[in-house]
Amino acid sequence: MKKLIGNIMLTGGLIGGAISAARIPPMWGGVIGSLIIMGVGIVLRRRGEKEELHRATQKGSGGIQELERILTKAIEDVGEIMKIEEHNKVRESLSKVLEFLDGFAEKARPLRIESLKAYGQLMTAFSRAERSLNRAWSAYADGYEGEGRTYLEFGYEGLKETLNTLKSIE
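For every chain, the first residue of its written sequence is number 1, and the numbers climb from 1 along that sequence. Local features in a predicted model are, by the rule used here, given only for residues with pLDDT of at least 70; side-chain atom pairs are given and counted only at 80 or more, and totals for whole chains, interfaces and linings are based on all residues. To obtain the side-chain values, all non-hydrogen atoms of the structure were used and water was disregarded.

### Observations regarding the overall build of the chain
Moving on, step 1. Numbering of helices and strands runs from the N terminus; a helix is a DSSP stretch of H or I covering at least four residues, while a strand is a stretch of E covering at least two. Along its length, the chain carries 8 helices and 0 strands.
Moving on, step 2. Walking the chain from its N terminus toward its C terminus, one meets helices and strands in the order α-α-α-α-α-α-α-α.
Moving on, step 3. Relative to the 2.2 N^0.38 estimate, which gives 15 Å for 170 residues, the radius of gyration of the chain is 22 Å and therefore markedly larger than a compact globule would have.
Moving on, step 4. For the C-alpha atoms alone, the extent of the chain along its principal axes is close to 70 × 35 × 25 Å.
Moving on, step 5. Throughout, exposure labels follow a simple rule: accessible area from a 1.4 Å probe, protein chains only, divided by the maximum for the residue type, with under 20% read as buried, over 50% as exposed, and the rest as partly exposed. Split into buried and exposed, the 170 residues of the chain put 32% on the buried side.
Moving on, step 6. The long-range fraction of contacts in the chain, counting pairs at least 24 apart against all pairs at least 6 apart in sequence, stands at 71%.
Moving on, step 7. As displayed, the chain has an accessible area near 10200 Å², and 56% of this comes from carbon and sulfur atoms. In this treatment the radius of gyration is a C-alpha quantity, and the globule benchmark scales as 2.2 Å times the residue count to the 0.38 power. For this analysis, residues touch if any pair of their heavy atoms sits within 4.5 Å. In short, Shrake-Rupley with a 1.4 Å probe defines the accessible areas, and a residue's cover is counted only from the protein chains shown.

What follows is the structure in structure tokens.
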């Protein structure tokens, strides 16, 4: 609820400030009042995001534990994929892993509230791993198995690096 009220205040302050500033001469009282409303909206929005993070963590549907579970499963799946010889099966299995990882970035967003630096490190490692897995999929789709294996290994190592980064956040 705080997040919604914060968004409404932020939007209202922005519109009010724009209208006040567009007048000739500008209505400085309206501009200053709008800035204050926007500031309160930002504070409420951030508090609402923190509360959502804590609720999700308590329910077990978010937070570091959820991200750790996703990464652990993805590492296991990619490890199994690396044992497969037929490139069509590799591509199909890799598609499933990439779909599974699709929601990772969205679930990691609340971490930026606690530490923007940690969020940046986590997402840098994850994006490198995901990019490698996508390149592996593309190489397998085009019939370049050697290149696909190379990028599959890069993706596997990248996922392990992401998991280590996540564990260092705890």
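### As for the domain arrangement of the chain
Moving on, step 1. By the assigned domains, the chain splits into domain 1 (2–58) and domain 2 (61–169).
Moving on, step 2. Throughout, the edges of the domains are those of an automatic or database domain assignment. On a C-alpha basis, the centres of domain 1 and domain 2 stand 37 Å from each other.

### Quick notes on the packing of aromatic side chains
The geometry of an aromatic ring pair is captured by two quantities: the separation of the ring centres and the angle between the planes.
Moving on, step 1. Only Phe, Tyr and Trp rings take part, Trp by its six-membered ring, and two of them pair if their centres are within 6.5 Å. Stacked means planes under 30 degrees apart, edge-to-face means over 60, and tilted covers everything else. Tallying each qualifying case throughout the model produces 2 aromatic pairs.
Moving on, step 2. Relative to Phe154, the ring of Tyr151 has its centre 5.7 Å away and its plane inclined at 80 degrees; by these criteria the two rings are edge-to-face. Remark: Phe154 and Tyr151 occur in helix α8 (residues 145–169); sequence separation between them is 3 residues, near one turn of the helix.
Moving on, step 3. On the basis of relative accessibility, which here comes to 48%, the residue Phe154 falls in the partly exposed class.

### A few points about the packing of helix α4 (residues 87–101) against α8
Moving on, step 1. The convention used is that axes are lines fitted to C-alpha atoms, helices contributing only their stretch in contact, and that angles between N-to-C directions extend from 0 to 180 degrees. Where α4 meets α8, the closest approach of the two axes is 12 Å, and the angle between their N-to-C directions is 30 degrees. In terms of orientation, α4 lies roughly parallel with respect to α8. At the point where α4 passes α8, the crossing takes the left-handed sense. Facing His87, Val90, Leu94 and Leu101 of α4, the residues of α8 in contact are Glu145, Arg149, Leu152 and Leu159.
Moving on, step 2. Counted by class, the contact of α4 with α8 contains 5 nonpolar, 1 polar and 2 charged residues. Angular relationships are summarised with four words: roughly parallel below 35 degrees, roughly antiparallel beyond 145, roughly perpendicular across 65 to 115, and oblique for the angles in between. Helix crossings get a hand from a simple test, with the near helix turned counterclockwise from the far one by less than a right angle marking a left-handed crossing and a clockwise turn marking a right-handed one. Note that Gly is not counted as nonpolar here; it falls among the polar residues with everything else outside the nonpolar set of Ala, Val, Leu, Ile, Met, Phe, Trp, Tyr, Cys and Pro and the charged set of Asp, Glu, Lys and Arg.

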